[in-house]
Amino acid sequence: MEIKYQMKLWFSLIVLFAITTSALGEFGGPLLKDFYKESCPLAEEIVKHNVEVAVLKDPRMAASLLRLQFHDCFVLGCDASVLLDTHGDMVSEKQATPNVNSLRGFEVIDYIKYLLEDACPLTVSCSDIIAMAARDSVFLRGGPWWEVLLGRRDSLKASFAGANQFIPAPNSSLDSLINNFKQQGLDIQDLIALSGAHTIGKARCLSFKQRIVQPNMEQTFYVDEFKRHSTFRRVLRSQCKDSSRDNELSPLDIKTEAYFDNHYYINLLEGKGLLISDNVLVTEDHEGEIFRKIWEYAVDQDLFFIDFVESMLKMGSINVLTGIEGEIRENCRFVNV
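Since we're looking at a predicted model, the values are computed, not measured.

Considering helix H5 (residues 126-140)
Right, on to step 1. Helix length check: H5 (15 residues) gives 21 Å between terminal C-alpha atoms against 21 Å at 1.5 Å per residue, within 8%.
Right, on to step 2. In terms of burial, H5 is a largely internal element, 13 of the 15 residues being buried.
Right, on to step 3. Directly after H5, the chain includes Gly142, whose backbone phi takes a positive value near 95°.

The structure is reproduced here in structure tokens:
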């Protein structure tokens, strides 16, 4: 299985290199392995060490840093626009509904950037830091490791409206999720694999309240003979029984919340996905295509890891700025003066 994993991963890198190269404009260039080998040889080590320290202090930070890349790449592309603070007429994406009082990890990225600026001034982009931190977070929680392709540059703007429009909502329908991913150049396979990121992390009651208050939320593709779904729903209702608990947290994976594994898919098959947008992968899949892949991931963790890496590499190349596009920010929160 290890040989199979390595061969598939190398093939994914080759395919992604071709996709990235063909998609870039005349002023860009491809994302590369070892991009900072000469200009900042300790860049990846600095990121890795400080992500490890942050996760040791706060284990939930691994999921937060992974989520940060999703919320960055789905708005304008993987360009660190999500890190920009409100300044002048530009409203920060941090204030958008999917992010406000929810997205975390900014201080971790700030500190890593501070160290990298000291070691290699104006060399390592904030968007590359996000990509490396997401990879290291997954690996530290027991997930796969992959070679991050680097060379992204940082945007000069943020999009508050884009953050509200393009980041999938936790109560999304399956059709909405498919269309949302399609807008980013991602297909159904990517949707299924990347949803597995919910094997770590937690969500606020506010994010899944609709799942426990609406009577039809426990409908599934088979009869709930052992009352597993309704029991799970009662547990969630007890945790989030009124609006005073909207900010209470529940694990996205109730079985192994601290580990990056395939239990997210096992949970889906048992009707125990936390968010509506998790459960619709099964309940609204009328053709059965998604269910078959979920079943494969539930019984074969190595397959999930292979496909997750391939989709992360694909997502990490969305509308990247390279070459002389954008800039290398000195401070991730502000464009350079």
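A short note on the UniProt feature "site: Transition state stabilizer" (unreviewed entry) in the protein
Right, on to step 1. According to UniProt, the positions carrying the feature "site: Transition state stabilizer" (unreviewed entry) are Arg67.
Right, on to step 2. Position of Arg67 relative to the elements: it lies in helix H3 (residues 61-73).
Right, on to step 3. Residues within four places of Arg67 in sequence aside, it is in contact with Pro98, Ser102 and Leu103.

Focus: the side chain of Arg204
Right, on to step 1. Tracing the backbone through its elements, the reader meets Arg204 in strand E1 (residues 202-204).
Right, on to step 2. It turns out Arg204 is buried and unbridged, and the closest side chain with the opposite charge, Asp246, is 7.8 Å from it.
Right, on to step 3. Here the side chain of Arg204 touches Asn247 through a polar contact of 3.0 Å, side chain to side chain.
Right, on to step 4. In contact with Arg204, not counting residues within four places along its chain, are Val100, Asn101, Ser102, Asp246, Asn247, Glu248 and Leu249.

Here we look at the packing of aromatic side chains
Right, on to step 1. Under the definition given, this model contains 14 aromatic pairs.
Right, on to step 2. With centroids separated by 6.2 Å and ring planes inclined at 75°, the aromatic side chains of Trp146 and Phe308 adopt a geometry described as edge-to-face. Within this pair, whereas Trp146 is found in the loop between H5 and helix H6 (160-166), its partner Phe308 is found in helix H14 (residues 301-315), the two being separated by 162 residues in sequence. Residue Trp146 shares its accessibility class with Phe308, and that shared class is buried.
Right, on to step 3. Aromatic side chains Phe304 and Phe305 sit 5.7 Å apart centroid to centroid with 55° between the ring planes, which places their arrangement in the tilted category.
Right, on to step 4. Judged by its relative accessible area of 0%, Phe304 is buried.

So, the packing of helix H8 (residues 188-195) against helix H13 (residues 289-299)
Right, on to step 1. Close contact between H8 and H13 brings their axes to 11 Å; oriented N to C, the two are set at 40°. Relative to H13, the element H8 lies oblique. Where H8 crosses over H13, the two elements pack in a sense that is right-handed. Each of Ile188, Gln189, Ile192 and Ala193 in H8 lies in contact with H13, whose residues at this interface are Glu289, Ile290, Lys293, Ile294 and Tyr297.
Right, on to step 2. Grouping the constituent residues of the contact of H8 with H13 by class yields 6 nonpolar, 1 polar and 2 charged.

Description of the UniProt feature "active site" (unreviewed entry) in the protein
Right, on to step 1. The positions that UniProt labels "active site" (unreviewed entry) are, in the present scheme, His71.
Right, on to step 2. With near-sequence residues (within four places) excluded, His71 lies in contact with Val82, Glu93, Pro98, Asn99, Leu103 and Ile167.

Some remarks on the state of the cysteines
Cysteine pairs can be covalently joined through their sulfur atoms, and such a bond is termed a disulfide.
Right, on to step 1. Going through the model one piece at a time under the given rule, you end up with 4 disulfides.
Right, on to step 2. A sulfur-sulfur distance of 2.1 Å marks the disulfide that ties Cys40 to Cys120. Torsion about the S-S bond of the Cys40 and Cys120 cystine: about 75°, corresponding to right-handed handedness. Of this pair, Cys40 sits in the loop between helix H1 (2-23) and helix H2 (43-57) while Cys120 sits in the loop between helix H4 (106-119) and H5; the two residues are 80 residues apart in sequence, bridging distant segments of the chain.
Right, on to step 3. Cys40 sits in the buried class, given a relative accessible area of 1%.
Right, on to step 4. Each sulfur in the disulfide pair Cys126 and Cys332 lies 2.1 Å from the other. Handedness here is read from the sign of the S-S torsion; for Cys126 and Cys332, about -100°, the answer is left-handed. On the criterion of sequence distance, the pair formed by Cys126 in helix H5 and Cys332 in the segment after H14 is long-range, its members being 206 residues apart.

Description of the environment of Phe166
Right, on to step 1. Residue position: Phe166 is located in helix H6.
Right, on to step 2. The exposure class assigned to Phe166 is partly exposed, which follows from its relative accessible area of 22%.
Right, on to step 3. Sequence spacing of Phe166 and Asn180 is 14 residues, and the spatial spacing of their C-alpha atoms is 6.5 Å.
Right, on to step 4. Once you skip the residues sitting within four places of it in the chain, Phe166 turns out to touch Phe74, Asn180, Gln183 and Gln184.

Some thoughts on unusual backbone geometry
Right, on to step 1. Unusually for a residue other than glycine, Asn101 sits at a positive phi of about 55°.
Right, on to step 2. Among the residues examined, Asn101 registers a relative accessible area of 69% and is labelled exposed.
Right, on to step 3. Residue Leu122 is not a glycine yet carries a positive backbone phi of 50°.
Right, on to step 4. Note on placement: Leu122 falls in the loop between H4 and H5.

A short note on the nonpolar core
Right, on to step 1. One finds Leu66, Leu83 and Phe308 to be the most contacted residues of the largest nonpolar core, which totals 80 residues.
Right, on to step 2. Structurally, this core is a two-domain feature, drawing no fewer than three residues from each of domain 1 (42-166) and domain 2 (174-315).
Right, on to step 3. Excluding anything up to four places from it in sequence, Leu83 contacts Leu68, Lys94, Phe106, Ile109, Cys126, Ile130, Arg329, Cys332 and Arg333.
Right, on to step 4. With 10 residues, the next largest nonpolar core counts Ala203, Ile212, Phe232 and Leu275 among its residues.

Definitions and cut-offs
- Residues numbered from 1 in each chain as written.
- Predicted model: local features only at pLDDT ≥ 70, side-chain atom pairs only at ≥ 80, totals over all residues.
- Heavy atoms only, no water.
- Helix = DSSP H or I, 4+ residues; strand = E, 2+ residues; numbered from the N terminus.
- Expected span 1.5 Å × (residues − 1).
- Buried < 20%, exposed > 50% of the residue type's maximum accessible area, 1.4 Å probe, protein only.
- UniProt positions renumbered as here; feature names shortened; annotations may be inferred.
- Contact = heavy atoms within 4.5 Å.
- Lys, Arg positive; Asp, Glu negative; His and termini not counted.
- Salt bridge = Lys/Arg side-chain N within 4 Å of Asp/Glu carboxyl O.
- Polar contact = N/O pair within 3.5 Å; in protein donor to acceptor, adjacent residues only side chain to side chain.
- Phe/Tyr/Trp six-rings, centres within 6.5 Å; stacked < 30°, edge-to-face > 60°.
- Axes fitted to C-alpha atoms, helices over the stretch in contact; angles between N-to-C directions.
- Parallel < 35°, antiparallel > 145°, perpendicular 65-115°, else oblique.
- Left-handed = near helix turned anticlockwise from the far one by under 90°.
- Nonpolar A, V, L, I, M, F, W, Y, C, P; charged D, E, K, R; others polar.
- Disulfide = S-S within 2.5 Å.
- Core = buried A, V, L, I, M, F, W, Y, C linked by side-chain atoms within 4.5 Å.
- Domains from an automatic or database assignment.

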